[in-house]
Amino acid sequence: MNAEAEILDLTPRTDEILVFDKPASLRSRITHYCPGCHHGVAHRLVAELLDEMSLRERAIAVGSVGCSVFIYNYLDVDAVEAPHGRSPAAATGVKRACPDKFVFTYQGDGDLASIGMGEIIHAASRGEKISVVFINNAVYGMTGGQMSPTTPLGQKTTTCSEGRRLEHEGAPIRMAEIIASLGGTAYSARCSLDSVRNILAAKKSLRRAFEAQEKREGLGFVELLSGCPTNWRLDPVQANAYIRTALIPCFPLGVFKDKRLAGSEGEGK
Ligand SMILES: Cc1ncc(C[n+]2csc(CCOP(=O)(O)OP(=O)(O)O)c2C)c(N)n1
Ligand code: SF4
Ligand SMILES: [Mg+2]
């Protein structure tokens with residue numbers, strides 16, 4: 001066989017071991033996300049866990065508004081769409097009506113911490129048996145990069161062009177800590193998607209939050225610090241660096257509540 005024929009030979013080889021593949025729960029779609037956006041990374045982590053925990057057939061995703069509004073195009077699970085911020089309320093209804101389903105919301109910071117603040121607080125207080133995947137990229141990504149409740153002090157956005165000021169726009173809101181303080185929360189953590197190491201840690205936290213639902217312990221909440229290079233006006237590598245230098249100092253990583261661990265039952269940590 002000459003060299004060209006060898007390159008074109010697509011006969012499956014028996015001596016190759018597949019080490020990386022697409023999770024079955026992830027559809028084959030061309031992404032609409034910008035280069036360097038972390039929504040795709042978060043989708044993949046969720047899809048891997050749905051496969052590994054055999055949840056796919058029972059899963060119902062509750063989508064939200066924002067750049068992830070088309071999440072049902074990426075995850076091969078049943079889905080409902082909730083208007084801005086209402087995903088925890090919609091998920092409450094789905095889970096109560098179908099307690100054997102695995103129900104999770106997927107929400108951005110504009111969606112969850114702005115107009116949806118009431119819904120998430122009350123769902124956590126009630127201890128709804130749902131899982132919440134919270135993508136904190138510190139801006140309203142879809143609508144053009146406006147300031148959100150989680151924009152760090154000093155960050156410039158289209159609605160605070162001088163940078164967010166404490167005395168003018170107020171302080172950023174730390175959702176993982178707030179959710180941890182509520183009585184119905186089983187698990188609350190903050191992770192980051194800026195590096196391979198942190199992505200692996202994020203998967204562990206998501207697994208724990210999903211387990212909390214399966215064991216009917218209460219609401220599981222995972223905040224994922226995520227990059228929005230487009231609205232941050234950075235390239236993908238710079239955006240990862242920005243997460244490390246600006247977001248993590250403002251939003252410390254960690255587990256703020258885990259009901260399974262001694263001393264973290266009930267209110268607070
Ligand atoms: C009730 C309502 N208000 C405002 C909007 C407009 N809107 C759509 S997406 C969005 C911001 C979403 O930002 P975020 O939740 O942070 O998601 P991201 O795009 O950053 O992932 C807004 C304000 C809307 N769809 N519905
Ligand atoms: S605007 Fe931001 S959040 Fe939206 S797809 Fe682009 S990088 Fe991702
Ligand atoms: Mg956002």
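See the structure shown above.
Counting of residues starts from 1 at the beginning of each chain's written sequence and follows it residue by residue. To label them, take the chains in the order written and letter them from A, then take the ligands in the order written and number them from 1. In keeping with the model being predicted, local features are shown solely for residues with a pLDDT of at least 70 and side-chain atom pairs are shown and tallied solely at 80 or more, while totals for entire chains, interfaces and linings include all residues.

S.K.: Before we move on, can you summarise the overall build of the protein chain with the specific residues and values?
M.R.: Only DSSP runs of H or I reaching four residues or more are called helices, and only runs of E reaching two or more are called strands; each is numbered from the N terminus. Looking only at helices and strands, one finds 10 helices and 9 strands in the protein chain. Only the C-alpha atoms count toward the radius of gyration. The rule for a globule is 2.2 Å times the residue count to the power 0.38. Its C-alpha atoms give the protein chain a radius of gyration of 19 Å, near enough to 18 Å, the size a compact globule of 269 residues would have. Counting only C-alpha atoms, the protein chain reaches 70 × 45 × 35 Å along its principal axes. Exposure classes come from backbone-placed C-beta atoms, where a residue is buried if 20 or more other C-beta atoms lie within 10 Å of its own, exposed if 12 or fewer do, and partly exposed in between. Within the protein chain, buried positions represent 45% of all 269 residues. Note that contacts rest on C-beta atoms placed from the backbone: two residues are in contact if these are within 7 Å. The long-range fraction of contacts in the protein chain, counting pairs at least 24 apart against all pairs at least 6 apart in sequence, stands at 67%.

S.K.: How would you sum up the site of ligand 1? Please name residues and give values.
M.R.: In this analysis, residues qualify as near a molecule or strand once their C-beta atom, positioned from backbone atoms, comes within 6 Å of it. The immediate surroundings of ligand 1 are formed by 18 residues, with Gly66, Gly108, Gly110, Asp111 and Gly141 found nearest. Put simply, the parts of the chain that give the shell around ligand 1 at least two residues each are helix H4 (109–115) and strand E5 (139–140). Tallying contributions element by element places H4 first for the shell around ligand 1, with 4 residues. Across the shell around ligand 1, the residue classes tally to 7 nonpolar, 9 polar and 2 charged. The nonpolar class holds Ala, Val, Leu, Ile, Met, Phe, Trp, Tyr, Cys and Pro. Asp, Glu, Lys and Arg form the charged class, and all remaining residues, Gly among them, are polar.

S.K.: Outline the pairing of strand E3 (residues 102–108), supporting the account with residue identities and numerical values.
M.R.: Within E3, 7 of the 7 residues are buried, which leaves the element mostly enclosed by the surrounding structure. A two-sided burial pattern is seen for E3, the buried positions comprising Phe102, Phe104, Tyr106 and Gly108 on one face and Val103, Thr105 and Gln107 on the other. For two strands to pair, DSSP has to find at least two bridges joining them. The pairing of strand E1 (residues 59–63) with E3 spans 4 bridges and is parallel. What sits directly across from alanine 61, in E3, is phenylalanine 104. Direction of pairing for E3 relative to strand E4 (residues 131–136): parallel, over a ladder of 5 bridges. By the bridge assignment, glycine 108 is partnered in E4 with isoleucine 135.

S.K.: Which residues make up the site of ligand 2, and what are the values?
M.R.: Around ligand 2, a shell composed of Tyr33, Cys34, Cys37, His39, Cys67, Asn137, Gly141, Met142, Cys228, Pro229, Thr230 and Asn231 is seen. Residues belonging to the shell around ligand 2 are distributed by class as follows: 7 nonpolar, 5 polar and no charged.

None of this, on its own, says anything about what the molecule does.
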